[in-house]
Structure formats: structure tokens, C-alpha cells
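Chain by chain, the residues:
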Amino acid sequence: MTTDKKICIMGGGSWATALAKMAMTGGKHINWYMRRPEQIEQFIETGCNPSYLTGVQFDVKKIKFYSDINRAIRYSDVLVFAMPSPFLKAHLAKVKTPIKDKFIITAIKGIVPDENMIVTDYFQKYFDVSINNMGVIAGPCHAEEVALERLSYLTVASYNQQLAKWFADRISNSYLKTYVGRDVRGMEYASVLKNVYAIAAGICHGLKYGDNFQAILVSNSIREMSRFVDEVAPDKERNIGDAAYLGDLLVTAYSKFSRNRMFGSMIGKGYSVKSSQLEMEMIAEGYYGTKCIHEINEKYNVDMPILEACYNILYERIAPNIEIKVLTEKLN
């Protein structure tokens, strides 16, 4: 893949902003799709995203902004999707420009609601994009720490290793180390599950369970993740202890920047789901992921007590203190 390929960041949130910062390393130009024209106007005026990571300054002369998704796709070669999974279908419903020949990178840490499909499967089924023309980004990496230029690590996974390496090299810099992998589906499912387990960690924090129990919860979470991912996306070379799995789980379960942990903590303190969502003003992907994985697992019947505890609290409205008490008897 030649170096003159044009990257387009698809989304206007904090993770999209962090990815744009990475993609502009060394003064490179990018395209950037944002749904709201007024956000673009303010961005051009101030040199920063007016709504997210406002401390990150950009050279807007090196960014071509689009509020029309079809024009953004038409003039780009690599599409980096970094929007919340619940909004993906609405954005893609506007797409008339063929995308099957584009290289699709998904940085979405969620499943497409109502479809119960990981994002690469959704692009394959509805947009005829070959799996060899897609890749995924896995953490551990919070947007806020990228903004602060704190040392971070990312894995870019694709069956097309040449494309994966090109993109990994394109975004790497002094504070971001990148690796390549092949476990596309496994990393996507793991990215969904780590958000669910971060909600569980947050709920327990809100209920005032201590660090000792949190350690038990997270160690059980990685085993639960391993059981599920090995069942739905078998891969003999997968090491669940790698950064893209265990590392991403740890940072999401423990970090003060984790919106899923924050959401769970509010639930544990007695907030309703709706009031927690309104208070945060951000999307907690794990809320949607909990229901999607629960429904997917009706087919596979993997033993997932932590997932089921989250589902019972978030969707069956069982009191968190009662459900977590039951869960404590199932962990070891």
C-alpha cells in the first residue's frame, strides 16, 4: 500500500479526535467526517474540537472536513470508523457511494444493536466489504491519555497484514507504540466484553466493594471472556493475556477515564439507567453490548455469570446489591 492513501476519520467524538491526532503525526493531511456542520465551523474557527478533547490543537489547514458522508467516502481511501455503535446504522443508512474497495478500519468498541453483529460482519453482510479489506483497532488506549501524549499501545488486526502494518506505522509516534495481529473477530468481541466487565467493576465500586473483590471480579472476567471468544471465534494462536485482551480489560475496568466504569458506578450508587446516561452525556458502549452478547449467547450457552449479572441489573431491573451478592457466590 502506497503512502499517499488518504485517511478519513469517521466520527466527531473523543476517540475519533484521538485517532485524528495520531493520523496527523508528522504533519500529515487527513479527511474528517463529522455529522454536524456547526461542529466543523467551530473547529475551523478555534483549531480544536469544540465538544471533545478541547485541549488538543490541530492545524486545520491540513484537515479537509466533510459533513456529507458520501463526499467523505468518495475522496478517501481508508475509512476509520470511530463513532458509537448505536449510531453506526443511522450514519451508514445515508451511504450511497460504494465502499467495498475502501480499506475499512473499525475503532468501534461495540456491536451493532438490533443486528447483534460485530462491525466487520455488518460491513461484510450489508456493504459487500471483503474481510481482507478490513481491520480493527484494539487497546489498551484511552483517548484522554492520547490527548495528554502519555505512552500508549495499540494493536491493529487484519487478515491483510500488509494493510495492517501500513496503518500501524502511519499512526505510531513517540508516545504511541503499535503492533499488528490477525485475530479480527476475537479482538472485536473482546472489545465489546471488556466494556461489559467495566460496567460490572463500576457497579461493585458503587456498592463499595473493595479492591480485593475487584481483583477477583476482573480475574474471573478474563476467564469468562476467554470462554466466550474461544467459542464464537476460535483461534489457536490467540493469547488472552495479550494487551489487546487482558490489557484493554484492565484499563477499562480500573481507569478514571472509563465511561463504562463510571456508568456502572452510578448504577451501583442507585441511579437508574436513564438518569445515568443523562448525567454522563456520553455513550457507555457496554450497556448495549450487554444485551447483544446476552442474546448471542442464547445460541452458544457459554457460562457467563458476570455478563448475566449485568444483564439482570441493567435490563431486568434487579437491584444491584442483590444481584452482585448472588454473583459473589459464583466467583473464585
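Below, the structure is looked at part by part. Please read these numbers as outputs of a predicted model, since none were measured by experiment. (Residues numbered from 1 in each chain as written. Predicted model: local features only at pLDDT ≥ 70, side-chain atom pairs only at ≥ 80, totals over all residues. Heavy atoms only, no water.)

1. Focus on the nonpolar core
For step 1, the next point in the chain: Counting residues in each nonpolar core, the largest one holds 77 residues, and the members touching the most others are F81, F123, Y189, F228 and I293.
For step 2, the next point in the chain: In this view, F228 contacts Y189, L193, I293, I296, N297, V302 and M304; residues no more than four positions away in its chain are not counted.
For step 3, the next point in the chain: Within the second largest apolar cluster, 40 residues are counted, among which are L53, V56, V80 and A107. (Core = buried A, V, L, I, M, F, W, Y, C linked by side-chain atoms within 4.5 Å. Buried < 20%, exposed > 50% of the residue type's maximum accessible area, 1.4 Å probe, protein only. Contact = heavy atoms within 4.5 Å.)

2. Some thoughts on the state of the cysteines
For step 1, the next point in the chain: In total, this model carries 0 disulfides according to the counting rule given.
For step 2, the next point in the chain: No disulfide involves C204; its nearest neighbouring cysteine sulfur is the one of C310, lying 8.2 Å away.
For step 3, the next point in the chain: Here C204 falls in the buried class, since its relative accessible area comes to 0%.
For step 4, the next point in the chain: In this structure C292 is not part of a disulfide, and its nearest cysteine sulfur, from C310, lies 14 Å away. (Disulfide = S-S within 2.5 Å.)

3. A closer look at the side chain of N195
For step 1, the next point in the chain: Mapping N195 onto the fold places it in helix α8 (residues 184-206).
For step 2, the next point in the chain: N195 has contacts with K109, T252, N260, E285 and G286, leaving out every residue within four places of it along the chain. (Helix = DSSP H or I, 4+ residues; strand = E, 2+ residues; numbered from the N terminus.)

4. Details of the pattern of salt bridges
For step 1, the next point in the chain: Taken as a whole and assessed by the stated rule, the structure comprises 13 salt bridges.
For step 2, the next point in the chain: Residue K109 is joined to D248 by a salt bridge in which the shortest nitrogen-to-oxygen separation is 3.9 Å. Separated by 139 residues along the polypeptide, K109 in the loop between β5 (103-106) and β6 (111-112) and D248 in helix α10 (residues 243-254) bring together distant segments of the chain.
For step 3, the next point in the chain: On the accessibility criterion, K109 (11% relative accessible area) is buried.
For step 4, the next point in the chain: Across the pair R238 and D230 runs a salt bridge whose closest N-O atoms are separated by 2.8 Å.
For step 5, the next point in the chain: A relative accessible area of 13% places R238 in the buried class.
For step 6, the next point in the chain: A single salt-bridge network, built from bridges that share partners, covers K109, K194 and D248. (Salt bridge = Lys/Arg side-chain N within 4 Å of Asp/Glu carboxyl O.)

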